[in-house]
Amino acid sequence: TQLLEQSPQFLSIQEGENLTVYCNSSSVFSSLQWYRQEPGEGPVLLVTVVTGGEVKKLKRLTFQFGDARKDSSLHITAAQPGDTGLYLCAGPLRGNNNDMRFGAGTRLTVKP
Amino acid sequence: DVKVTQSSRYLVKRTGEKVFLECVQDMDHENMFWYRQDPGLGLRLIYFSYDVKMKEKGDIPEGYSVSREKKERFSLILESASTNQTSMYLCASSLGQGIVGYTFGSGTRLTVV
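Cut-off values and rules
- Residues numbered from 1 in each chain as written.
- Chains lettered and ligands numbered in written order.
- Predicted model: local features only at pLDDT ≥ 70, side-chain atom pairs only at ≥ 80, totals over all residues.
- Heavy atoms only, no water.
- Buried < 20%, exposed > 50% of the residue type's maximum accessible area, 1.4 Å probe, protein only.
- Helix = DSSP H or I, 4+ residues; strand = E, 2+ residues; numbered from the N terminus.
- Pairing = 2+ DSSP bridges.
- Contact = heavy atoms within 4.5 Å.
- Buried area = accessible area lost by both parts, 1.4 Å probe.
- Salt bridge = Lys/Arg side-chain N within 4 Å of Asp/Glu carboxyl O.
- Polar contact = N/O pair within 3.5 Å; in protein donor to acceptor, adjacent residues only side chain to side chain.
- Nonpolar A, V, L, I, M, F, W, Y, C, P; charged D, E, K, R; others polar.
- Axes fitted to C-alpha atoms, helices over the stretch in contact; angles between N-to-C directions.
- Disulfide = S-S within 2.5 Å.

Q: Describe in detail the pairing of strand β11 (residues 108-112) of chain B, supporting the description with residues and values.
A: Residue and element names in this part refer to chain B. On β11, burial follows the alternation: Thr108, Leu110 and Val112 on one face are buried, whereas Arg109 and Thr111 on the facing-out side are not. Where strand β2 (residues 10-13) lies against β11, four bridges are found, and the strand directions are parallel. What sits directly across from leucine 11, in β11, is leucine 110. The pairing of strand β9 (residues 87-94) with β11 spans three bridges and is classified as antiparallel. Bridge assignment links methionine 88 to a residue of β11, and that residue is arginine 109.

Q: Outline the interface of chain A and chain B, listing residues and values.
A: Counting from both sides, the interface comprises 24 residues of chain A and, opposite them, 25 residues of chain B. Buried surface at the junction of chain A and chain B, both sides included, amounts to about 1800 Å², of which 47% is carbon and sulfur. Between the two partners, chain A and chain B, sit one salt bridge. Put simply, arginine 101 of chain A and aspartate 59 of chain B hold a salt bridge, and the shortest N to O gap is 2.6 Å. Where chain A touches chain B, the interface holds nine residue pairs in polar contact (both at pLDDT 80 or more). Counting only elements with at least two residues in the side of chain A that touches chain B, the list comes to β4 (32-37), β5 (44-49), β9 (85-92) and β10 (100-102) of chain A. Taken together, the residues that form the side of chain A that touches chain B break down as nine nonpolar, 11 polar and four charged.

Q: Any chance you could break down the sheet that holds strand β8 (residues 73-78) of chain B for me, citing the residues and the numbers?
A: Residues and elements named next belong to chain B. Here we have four strands laid out as an open sheet, ordered β1-β3-β8-β7, and antiparallel in their pairing. Sheet topology places β1 (4-6) and β7 (64-70) at the edges, where each strand pairs with a single neighbour. Looking at each pair of strands side by side, their axes are set apart by 20° on average, direction ignored. With six bridges connecting them, strand β3 (residues 19-25) and β8 associate as antiparallel partners. Across the sheet, the residue bridging to cysteine 23 is phenylalanine 74, located in β8.

Q: How would you explain the pairing of strand β5 (residues 42-49) of chain B if you had to name every residue and give the values?
A: All names here are of chain B. For β5, the tally of buried residues reaches seven of eight residues, placing the bulk of the element in the interior. Relative to β5, strand β4 (residues 31-38) runs antiparallel, the two sharing seven bridges. Within the sheet, the bridge partner assigned to arginine 36 lies in β5 and is arginine 44. Following β4, the chain reverses through three residues before pairing antiparallel with β5; glycine 40 in that reversal takes a positive phi of roughly 80°. The pairing of β5 with strand β6 (residues 56-57) spans two bridges and is antiparallel. Bridging across to β6, phenylalanine 48 finds its partner in glutamate 56. Hairpin remark: β5 followed by β6, antiparallel, with six residues in the connecting loop; positive phi at lysine 53, about 65°.

Q: Describe in detail the sheet that holds strand β6 (residues 55-58) of chain A, supporting the description with residues and values.
A: Residues and elements named next belong to chain A. Taken in spatial order, the five strands line up as β1-β3-β8-β7-β6 in an open sheet, and their pairing is antiparallel. Since the sheet does not close on itself, it has two edges, and those belong to β1 (5-7) and β6, each with one partner. Neighbouring strand axes in the sheet, compared pairwise and without regard to direction, differ in orientation by 15° on average. Relative to strand β8 (residues 71-76), strand β7 (residues 61-65) runs antiparallel, the two sharing five bridges. Its bridge partner being in β8, phenylalanine 65 is matched across the sheet by serine 72.

Q: Lay out the state of the cysteines with the relevant residues and their values.
A: Per the counting criterion, the structure on display carries two disulfides over all chains. Here cysteine 23 of chain A is linked by a disulfide to cysteine 89 of chain A, with a sulfur-sulfur distance of 2.0 Å. Looking along the S-S bond of the cysteine 23 of chain A-cysteine 89 of chain A disulfide, the torsion reads about 75°, which is the right-handed sense. Here cysteine 23 of chain A, found in strand β3 (residues 19-24), pairs with cysteine 89 of chain A, found in strand β9; they are 66 residues apart in sequence, far enough to count as distant. The residues cysteine 23 of chain A and cysteine 89 of chain A share a single accessibility class, namely buried. Here cysteine 23 of chain B pairs with cysteine 91 of chain B through a disulfide, and the sulfurs are 1.9 Å apart. Classification of the bridge connecting cysteine 23 of chain B and cysteine 91 of chain B rests on its S-S torsion, roughly -75°, and on that basis the disulfide is left-handed. A residue pair is termed long-range when its members are at least 10 positions apart, and cysteine 23 of chain B in strand β3 and cysteine 91 of chain B in strand β9 qualify at 68 residues. With a relative accessible area of 0%, cysteine 91 of chain B lands in the buried category.

Now the structure itself:
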């Protein structure tokens with residue numbers, strides 16, 4: 001079983017729709033990060049959330065860290081084809097950044 | 001532009017061969033990592049290093065070893081390649097302290113035949 005469970009595994013939507021993807025764990029994390037990976041490339045960091053209940057916005061992307069610091073969500077408003085990619089959440093196993101663990105990701109396809 | 005560079009994008013090797021995957025970063029980062037990425041399993045940590053000549057096992061170190069002789073270079077070694085090591089291999093680096101993100105290379109897709 002994964003330390004970080006992401007859902008859904010696949011999501012295909014039309015341009016302009018809203019969506020939310022989830023990252024859940026039974027463990028408490030000191031922080032969680034979200035990455036986006038495009039085909040043929042490595043993941044790229046989008047955001048880090050640190051405080052329980054924290055909400056961060058990055059243009060049309062809204063990230064939330066659960067109050068208990070066991071889960072996080074990513075909401076995209078008015079999705080665009082450029083949002084297509086694999087969204088990964090990650091958290092440090094031992095409270096520092098020396099050994100991040102990743103979820104399996106949500107593969108998002110936004111159709112024009 | 002800061003960068004993590006992996007020496008090969010695609011590699012095909014035969015079963016039993018010794019395989020070297022090279023990774024170089026130009027950001028003076030203390031920490032370096034090797035992950036493998038497989039569909040449905042996500043990124044799994046193989047080995048990491050937080051200093052020159054230091055290494056720690058990740059979750060799936062069996063069949064792999066690493067070398068870090070210089071701060072900027074972290075090599076992953078498959079001692080005797082097997083077909084179940086066919087995968088995408090990703091190298092990453094990060095600063096030593098604090099909550100910071102990883103910078104990833106573009107990956108090496110290794111096929112063992």
